[in-house]
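# Coordinate inspection notes
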Amino acid sequence: MQLRLVTLATVLLAAGAAHAAPMTLNGDRPVIVSHRGASGYLPEETIQAYQLAMSMGADYIEGDVYLTADKVAVMLHDGTLNATTNVVAYAATHPEIAALRSANGTYDVTKFTLAQLKELSGTCRVAAGYCTDRTYFNPNTSYTLATYGEFLDLAYNNYLTTGTQVGVFPEAKQSGLAVAEAILAGLNDPKYNGYFTTMGNALTQSFDATQVSYLNANSDVPVSYLGVCPTTDTAARSIAAIADGIGPSRGQVTAACAGAAHRAGLTVIPYTYTNDPAQYVTAYNQGVDGVFTNYPDLAGTVRDQVFPPAPTPVPEPSSLALMGMGLLGLVGLRRRKR
Ligand code: G3P
């Protein structure tokens, strides 16, 4: 942690003074999208990773959607369970799960019922940027794989209990339109009272142009087209015909592409940012509208340095005078009651 603070201070010093104003499409500070939950700390796409992301100040929790064998929408990035769950070890003592193994040794999400999936626990992906920081990791905890409904419930219930509006950013990861339909059906569920629709607390995304077009045509929830970064205004306008934003890779995005996207009215939220503070300084200087990050706390710390939050408003003199008069009135009232 000490090393990270020193690194952060060095990076910010090199970056120079804070900007006068963000260069985002709407002029607000870039949003922080917690990629597969706080996946830099905890097993990705688990209830605990999403909860940690919200507690770290993420503006959105992000996750990928598949349909199980019994057609329940669930949150998983890979089409197979091998890299992010304990399925291999579990199957060793559960023949009915072992029977689901494909000839090539993979356990495919779409062969599992929800009940079978819920027997498993999320585990840390062995890859840079995932569970790299073990501060919050407990080896004795079972990490809970989430349904899409539970993912939505987390954000909505967090709002009901804290008043803080954290959005959701589901990605249609399985091919075909059924998963896109399931994503929109969840966002439109009346039990959320418009939290994800009329209150604006959701974005959707896909790498697939057909899915992007479907999400765009069937919902007012903004949709991001992943993996593209237009180099010309013409290209940006053609993307704007089917999407509201783009999600280029971190290496793909440039200030020029962000500018072309903005001129076409597209937001720019690239993926994926890791535990290197310099990556965020670069992104914020490119004018991005948000970042997909495995480390929402770090993204927020750098954002506060580059774009300091607006100070809390202090009462104006006239408001103070009114408050004073109100207090005097209350004192008088209490005296009369005695
Ligand atoms: O969802 C945005 C970005 O994360 C795309 O990458 O592979 O995590 O879906 P992936």
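Look up: the structure comes first, before these words.
Below is a short write-up of the structure. Owing to the predicted nature of the structure, the values given are computational and were not obtained by experimental measurement.

In this section: the overall build of the protein chain. Scanning the protein chain for helices and strands turns up 13 helices and 9 strands. Looking at the 338 residues of the protein chain, the share that counts as buried comes to 48%.

Here the focus is the pairing of strand E1 (residues 31-34). As judged from the 4 bridges shared by E1 and strand E9 (residues 290-293), these two strands associate in the parallel manner. Paired with Ile-32 across the bridge in E9 is Val-291. Inspection of the sheet shows E1 paired to strand E2 (residues 60-67) by 2 bridges, in the parallel sense. Bridge pairing links Ser-34 to Ile-61 in E2.

Take the state of the cysteines next. Cysteine pairs can be linked by a disulfide, which is a covalent bond between their two sulfur atoms. Tallied over the full model, the rule gives 2 disulfides. Shown here is the disulfide that connects Cys-124 with Cys-131, its sulfur atoms set 2.1 Å apart. Looking along the S-S bond of the Cys-124-Cys-131 disulfide, the torsion reads about -85 degrees, which is the left-handed sense. Residue Cys-124 shares its accessibility class with Cys-131, and that shared class is buried. At a sulfur-sulfur separation of 1.6 Å, the disulfide partner of Cys-229 is Cys-257.

Further remarks concern the site of the ligand. In the vicinity of the ligand, the contacting residues are His-35, Arg-36, Glu-62, Asp-64, His-77, Glu-171, Lys-173, Gln-205, Phe-207, Leu-226, Tyr-271 and Phe-292. At 2.7 Å from an oxygen atom of the ligand is found a side-chain nitrogen or oxygen belonging to His-77. Here Lys-173 contributes a side-chain N or O atom positioned 2.8 Å from an oxygen atom of the ligand. Against a free-state accessible area of 280 Å², the protein chains account for coverage of 92% of the ligand. In terms of residue class, the shell around the ligand is made up of 4 nonpolar, 3 polar and 5 charged.

On to the pattern of salt bridges, then. Think of it this way: side chains of opposite charge can pair up when their charged atoms draw near. Tallied over the full model, the rule gives 10 salt bridges. Where Arg-303 meets Asp-59, a salt bridge forms, and the shortest distance between an N and an O atom there is 3.0 Å. With a gap of 244 residues between them, Arg-303 in helix H12 (residues 296-306) and Asp-59 in the loop between helix H2 (47-55) and E2 connect regions that are remote in the sequence. Since its relative accessible area comes to 9%, Arg-303 is described here as buried. You can call Asp-59 partly exposed: its relative accessible area is 23%. For the salt bridge of Asp-153 with Lys-191, the shortest nitrogen-to-oxygen distance reads 3.2 Å. Of this pair, Asp-153 sits in helix H6 (residues 148-162) while Lys-191 sits in the loop between helix H7 (178-187) and strand E5 (204-206); the two residues are 38 residues apart in sequence, bridging distant segments of the chain. The exposure class of Asp-153 is partly exposed, given its relative accessible area of 22%. Overall, the relative accessible area of 47% leaves Lys-191 in the partly exposed class.

A few words now on the pairing of strand E6 (residues 223-226). Burial along E6 is two-sided: the residues Val-223 and Tyr-225 and Ser-224 and Leu-226 are all buried. Here E5 runs beside E6; their pairing, made up of 3 bridges, is parallel. Within E6, the residue paired with Ser-206 across the bridge is Tyr-225. Handedness of the crossover joining E5 and E6 through helix H8 (residues 209-217): right-handed. In this structure, E6 lies alongside strand E7 (residues 245-247), joined through 3 bridges in parallel fashion. Within the sheet, the bridge partner assigned to Tyr-225 lies in E7 and is Ile-246. With respect to chirality, the unit in which E6 leads through helix H9 (residues 233-240) into the neighbouring parallel E7 is right-handed.

So, on to the side chain of Gln-286. Positionally, Gln-286 belongs in helix H11 (residues 277-286). Of note is the side chain of Gln-286, whose polar atom sits 3.3 Å from the backbone oxygen of Val-253. Gln-286 has contacts with Met-23, Val-253, Thr-254, Ala-255 and Ala-258, leaving out every residue within four places of it along the chain.

So, on to the layout of surface pockets. Using a probe with the size of a water molecule, rolled over the atoms, empty space left in the structure can be pinpointed. Here the largest pocket is characterised by a volume of approximately 290 Å³. Asn-26, Leu-203, Thr-267, Ile-269 and Asp-289 are, among the 17 residues lining the largest pocket, the residues nearest its centre. Its residues placed into classes, the lining of the largest pocket shows 8 nonpolar, 5 polar and 4 charged.

Rules of the game
- Residues numbered from 1 in each chain as written.
- Predicted model: local features only at pLDDT ≥ 70, side-chain atom pairs only at ≥ 80, totals over all residues.
- Heavy atoms only, no water.
- Helix = DSSP H or I, 4+ residues; strand = E, 2+ residues; numbered from the N terminus.
- Buried < 20%, exposed > 50% of the residue type's maximum accessible area, 1.4 Å probe, protein only.
- Pairing = 2+ DSSP bridges.
- Disulfide = S-S within 2.5 Å.
- Near = heavy atom within 4 Å.
- Polar contact = N/O pair within 3.5 Å; in protein donor to acceptor, adjacent residues only side chain to side chain.
- Areas by Shrake-Rupley, 256 points an atom, 1.4 Å probe, with all protein chains shown as cover.
- Nonpolar A, V, L, I, M, F, W, Y, C, P; charged D, E, K, R; others polar.
- Salt bridge = Lys/Arg side-chain N within 4 Å of Asp/Glu carboxyl O.
- Right-handed = clockwise from strand over helix to strand, strands pointing away.
- Contact = heavy atoms within 4.5 Å.
- 1 Å grid on protein atoms, 1.4 Å probe; cavity = no way out; pocket = protein on both sides within 12 Å on 5 of 7 lines; lining within 4 Å.
- Points joined across faces, edges and corners; volume = space filled by probe spheres on them.

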